[in-house]
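In case you want the letters, here they are:
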Amino acid sequence: MKKIIGMIGIVVVMMLLVLCLVPKAEARTIGLLVGPSLNLEGLNDVLGVLNKELGADFSLKEGLMYSLVLKGDWVTPVWRKGIDFSVCQAKAEDTIMGSWVGNQREKIGIEIGVLIMPIFFTRTYEPKGKGKISTRLGLGLGGVVTLVNISQEKTTFFWDQDGNLQETKQSSSKSLILPSFGVQLSAGLEYRLGKNDGEYDWSRKRKSILLEVRYISSTIEIRDPEAKPNPMEISVEMSEFSLRMGFITEF
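Residues numbered from 1 in each chain as written. Predicted model: local features only at pLDDT ≥ 70, side-chain atom pairs only at ≥ 80, totals over all residues. Heavy atoms only, no water.

Visitor: Would you take a moment to explain the overall build of the protein for this structure?
Guide: For the protein, the count of helices and strands is 2 helices and 9 strands. Across the protein, contacts joining residues at least 24 apart in sequence account for 70% of those joining residues at least 6 apart. Summed over all atoms, the accessible surface of the protein reaches about 14,700 Å², with 60% contributed by carbon and sulfur. (Helix = DSSP H or I, 4+ residues; strand = E, 2+ residues; numbered from the N terminus. Contact = heavy atoms within 4.5 Å. Areas by Shrake-Rupley, 256 points an atom, 1.4 Å probe, with all protein chains shown as cover.)

Visitor: Whenever I open this one, the packing of aromatic side chains confuses me. Can you help?
Guide: Each aromatic ring pair is specified by the distance between its two centres and by the angle formed by the two planes. Enumeration according to the criterion identifies 3 aromatic pairs in this entry. Measuring from centroid to centroid gives 6.3 Å for Trp-100 and Trp-159, while their planes differ by 25 degrees, and the two rings are stacked. In this pair, Trp-100 is assigned in the loop between strand E3 (76-97) and strand E4 (104-125) and Trp-159 in strand E5 (residues 133-159), connecting sequence segments 59 residues apart. Look at Trp-100 and you get partly exposed, because its relative accessible area is 40%. (Phe/Tyr/Trp six-rings, centres within 6.5 Å; stacked < 30°, edge-to-face > 60°. Buried < 20%, exposed > 50% of the residue type's maximum accessible area, 1.4 Å probe, protein only.)

Visitor: Help me understand the environment of Thr-124 in this model?
Guide: Counting through the fold element by element, Thr-124 comes out in strand E4. Distance in space between the C-alpha atoms of Thr-124 and Gly-140 is 8.5 Å, their sequence separation being 16 residues. Residue contacts for Thr-124: discarding those within four places in its chain leaves Lys-71, Val-78, Trp-79, Arg-80, Arg-136, Leu-137 and Gly-138.

Visitor: What am I meant to see in helix H2 (residues 41-54) here?
Guide: Because the α-helix completes a turn every 3.6 residues, residues three or four places apart line up on one side. Here H2 contains 14 residues, and its C-alpha end-to-end distance of 20 Å stays within 8% of the 20 Å for a straight helix at 1.5 Å per residue. Of all the residues in H2, the buried ones are Leu-43, Val-46, Leu-47 and Asn-51. The buried residues of H2 occupy an angular sector of 155 degrees when projected down its axis, which confines them to one face. Facing away from the buried side of H2, by more than 90 degrees, are the exposed residues Glu-41, Asp-45 and Lys-52. (Expected span 1.5 Å × (residues − 1). Arc of directions from axis to C-beta.)

Visitor: I would appreciate a short explanation of the side chain of Glu-190 in the present structure.
Guide: Tracing the backbone through its elements, the reader meets Glu-190 in strand E6 (residues 165-192). Of the polar contacts made by the side chain of Glu-190, one reaches the side chain of Arg-136; its length is 3.0 Å. (Polar contact = N/O pair within 3.5 Å; in protein donor to acceptor, adjacent residues only side chain to side chain.)

Visitor: Whenever I open this one, the nonpolar core confuses me. Can you help?
Guide: Nonpolar side chains tend toward joint burial in soluble globular proteins. Leu-43, Leu-60 and Ile-116 are the most contacted members of the largest nonpolar core, which totals 27 residues. Contributing elements (two or more residues each) for this core: H2, E3, E4, E5, E6 and strand E7 (207-224). A per-element tally of this core places E4 first, with 5 residues. With residues near it in sequence (within four places) discarded, Ile-116 still touches Leu-38, Leu-40, Leu-43, Ser-86, Val-87, Cys-88, Val-144, Val-145, Thr-146 and Met-238. Residues Val-87, Met-117, Val-145 and Leu-147 belong to the second largest nonpolar core, which totals 6 residues. (Core = buried A, V, L, I, M, F, W, Y, C linked by side-chain atoms within 4.5 Å.)

Geometric values such as these leave the question of function open.
Given below as structure tokens:
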């Protein structure tokens, strides 16, 4: 978990450095958005195969995806360049209880944590208009980084020579980093906060509410050459539409 938090921190710092090193733009914005996480049906299908083999009931529950969006002018004030970083996580856990074999029995608790991070370099068209509502269209190229962490705790119960029930525990964990190429398309409505006296002043710093629809297309390649009894190599399609909403401000 510490490695995952550290990686997120590095990504955020890099985003801030990239934008700050860009020559002073006419209007730079930062936004915090939230919406449903990516559909985890494909990953749950993979877990379904594991459930059949182990007699378990692993299922990842969909939660929320949080996004940090940074943008600055590009070529003209109506074209913006930026970085769009999102993160969502899910967890599945179950306990498998084995049968008695001789004088011992095993209980295995398994926890599967998944962290999905779409990261895109974006170009957004934001035409100027009158009033408080404006539109935007965007294109992003980048990728989706998926981190999978599997933790296992095995408890072995056994009867000792005196007829007492004893137990021993062993813990282990394994992490997979799964990068993949991705494309993002977006369309949104921005509602500017504050008073609007006559024609809206587009040159002043603004604070706005943004509602956006975006489409992310990516394929996660799950490869684990050390998997037993056979190496694992599975493709999971992650292409879908989603909504997100949040607050943006110029700085």
